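Reading the structure
As a plain string of letters, each chain reads:
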Amino acid sequence: MGTLRMTTPRLLVLRALLDDPGRERYGLDLATEAGLEPGTIYPILVAFEGAGWLSSREEEIDVHAAGRPRRRYYLLTAEGVTAAQSALARRRAPQPGPNAGRLAW
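Numbers given for residues are sequential positions, taken from 1 along each chain in its written order. Only residues with pLDDT of at least 70 are given local features in this predicted model, and only at 80 or more are side-chain atom pairs given and counted; all residues enter the totals for whole chains, interfaces and linings. As a rule here, side-chain values come from all non-hydrogen atoms in the structure, and water together with hydrogens is ignored.

1. What to know about the packing of helix α1 (residues 8–18) against helix α3 (residues 38–50)
For every element, the axis is a line fit to its C-alpha atoms; helices are fit only across the contacting stretch, and the angle between N-to-C directions ranges from 0 to 180 degrees. Numbered from the N terminus, helices here are DSSP runs of H or I no shorter than four residues, and strands are runs of E no shorter than two. It is at 10 Å that the axes of α1 and α3 come closest, and there the two elements cross at 75°. The orientation of α1 relative to α3 falls into the category roughly perpendicular. For the pair α1 and α3, the contacting residues are P9, R10, V13 and L14 in the first and T40, I41, I44, L45, A47 and F48 in the second. Residue polarity is assigned by list, with Asp, Glu, Lys and Arg as charged and Ala, Val, Leu, Ile, Met, Phe, Trp, Tyr, Cys and Pro as nonpolar; anything else, Gly included, falls into the polar class. Of the residues contributing to the contact of α1 with α3, the split by class is eight nonpolar, one polar and one charged. An angle below 35 degrees is read as roughly parallel, one above 145 as roughly antiparallel, one from 65 to 115 as roughly perpendicular, and any other as oblique. It only takes one pair of heavy atoms within 4.5 Å for two residues to be counted as in contact.

See below:
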């Protein structure tokens, strides 16, 4: 799907998702692990899902019996695992600046 601009918060979410790529995670859990505010995480998850990197499902519970709202669980897709690994690897690799190879003076 589309290419996403990688920001520090997005990379933090990808790192959290890659800690256990086969485990379904909900937003507040990911926000806590990534060190982000809950309001920051949801636009990131929507963008990743729109790009095909995540699938999601709504939890099927009786909200009254559980005493809490339903959670939406997110899971990295195969494409998402590859994209996340690639994005994190690119971030770790040194990027040549616009003056690479030129002397400073």
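2. Details of the pattern of salt bridges
Any two side chains of opposite charge can pair, on the condition that their charged atoms come close. Salt bridges, as used here, are contacts in which a Lys or Arg side-chain nitrogen is within 4 Å of a carboxyl oxygen on Asp or Glu. Within the structure shown, the criterion is met by seven salt bridges. Note that D29 and R23 form a salt bridge whose closest N and O atoms lie 3.2 Å from each other. When its relative accessible area of 38% is taken as the criterion, R23 is described as partly exposed. Between E58 and R72 there is a salt bridge; the shortest N-O distance is 4.0 Å. Here R72 lies in strand β3 (residues 72–76) and E58 lies in strand β2 (residues 54–58), a separation of 14 residues in the sequence. Relative accessibility under 20% of the residue-type maximum defines a buried residue, over 50% an exposed one, and the middle range a partly exposed one, all with a 1.4 Å probe and only protein chains included. Here E58 falls in the partly exposed class, since its relative accessible area comes to 44%.

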